[in-house]
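# Coordinate inspection notes
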Amino acid sequence: MPELPEVETTRRGLAPYVVGRSIASIEVREPRLRWPVAKNLSKTLAGQRIDALERRGKYLLFTTKAGTLLVHLGMSGSLRYLSEPLAHGQHDHVDLRLTGGGCLRFNDPRRFGSWLLASRPETHRLLEPLGPEPLGEEFTADYLWKTSRGRQVAIKQHLMNGRIVVGVGNIYASEALFRAQISPLRPAGRVARARFGPLVDAVRDVLNDALEEGGTTLRNYVDGNGNPGYFRQSLDVYERDGQPCKRCKTPIKRRVQGQRATYYCPRCQR
Ligand SMILES: [Zn+2]
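I will try to describe carefully the structure that is included in this document. (Residues numbered from 1 in each chain as written. Predicted model: local features only at pLDDT ≥ 70, side-chain atom pairs only at ≥ 80, totals over all residues. Heavy atoms only, no water.)

### Brief notes about the pairing of strand β8 (residues 114-118)
Of all five residues making up β8, four are buried, and the element is well covered by its neighbours. Pairing geometry for strand β4 (residues 67-72) and β8, over five bridges, is antiparallel. Opposite Leu70, over in β8, you have Leu116 as the bridge partner. (Buried < 20%, exposed > 50% of the residue type's maximum accessible area, 1.4 Å probe, protein only. Helix = DSSP H or I, 4+ residues; strand = E, 2+ residues; numbered from the N terminus. Pairing = 2+ DSSP bridges.)

What follows is the structure in structure tokens.
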């Protein structure tokens, strides 16, 4: 599943090819995505210039004067830029064609992605409830500490709650808690104030490490037959159950928590 670093890397990879260019048309071969693609999408956006390509959480925002196109990659989606037309494959559901040639192609085998039009993205029902960006200024130790007071929910689930902070998925929450030496099972309200500084730093660090990794894949977003794919940085704890902890050699444990697998060191994460 594409996580925030993949979405941000997609944005960085595509922006030089689409920002400042105009949309010729949008061909929707399969409108049955997570939400049906609006029939008037192409009509509304044809002729519009893409003024910016931004990201909010895991949404890509293509800004035009006629509205903002929100693209979400869902569980299995990817976007790439084609400078020459290529025959489309089975899961290439949407093509956004640019004036003067070139196209953005959306591939999504599981069809949990979305293509939506928003007149005012800041108040759109999907974006409005989102918490702060984990790499932004609002996400501080003080903020996270305040949101956690009185919460019985485990700290890992608290971190994965998009209303608290966006884009911290299962892998990154597990890795950040390992780095901060906090047990993922500890109730959020029972994590001491002093531990939130290291936790916030750890969240930022794991995401920045992934972005750095993604930087090496930028060219995959342009041309070629392959999919951009999802990158995986070297992980300290995720999917390492039974293997020795990188800090203390205790075997890593796996637990199911809120229907998601959690990996942690039972000795040095408290
Ligand atoms: Zn350990």
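Now that the structure has been shown, we can carry on.
### Notes on the sheet that holds strand β5 (residues 78-82)
Strands in a sheet are paired, the pairing made by backbone hydrogen bonds, and the direction either parallel or antiparallel. On the basis of which strands lie adjacent, the open sheet formed by four strands has the order β1-β6-β7-β5 and antiparallel pairing. The two strands at the open ends of the sheet, each matched to only one other strand, are β1 (23-28) and β5. For this sheet the average axis-to-axis angle between neighbouring strands, irrespective of direction, equals 15 degrees. Pairing of β1 with strand β6 (residues 92-98) involves five bridges; the strand directions are antiparallel. Pairing of Val28 across the sheet is with Val94, part of β6. Those strands touched by helix α1 (residues 4-18) are β5, β6 and β7 (103-107), and its axis lies near 30 degrees from that of β5. (Axes fitted to C-alpha atoms, helices over the stretch in contact; angles between N-to-C directions. Contact = heavy atoms within 4.5 Å.)

### Here we look at the environment of Gly162
Among the secondary structure elements, Gly162 is positioned in the loop between α4 (155-159) and α5 (170-179). The partly exposed category is assigned to Gly162, whose relative accessible area is 28%. Residues within four places of Gly162 in sequence aside, it is in contact with Pro129, Leu130 and Gly131.

### Observations concerning the coordination of the zinc ion
At 2.3 Å from the zinc ion lie its protein donor atoms, namely Cys245 (SG), Cys248 (SG), Cys265 (SG) and Cys268 (SG). Classification of the site at the zinc ion rests on its four donor atoms, whose angles at the metal span 100 to 122 degrees, yielding the label tetrahedral. Going along the chain, you hit the donors of the zinc ion in the pattern C-x2-C-x16-C-x2-C. Pair noted here: Cys248 is in the loop between α6 (196-215) and β9 (253-257) and Cys268 is in the segment after β10 (260-264), with a separation of 20 residues, a long-range link. (Donors = N, O, S within 2.8 Å, 3.2 Å for Na, K, Ca; no water. Tetrahedral: all angles 85-135°; square planar, octahedral: opposite > 155°, others 65-115°.)

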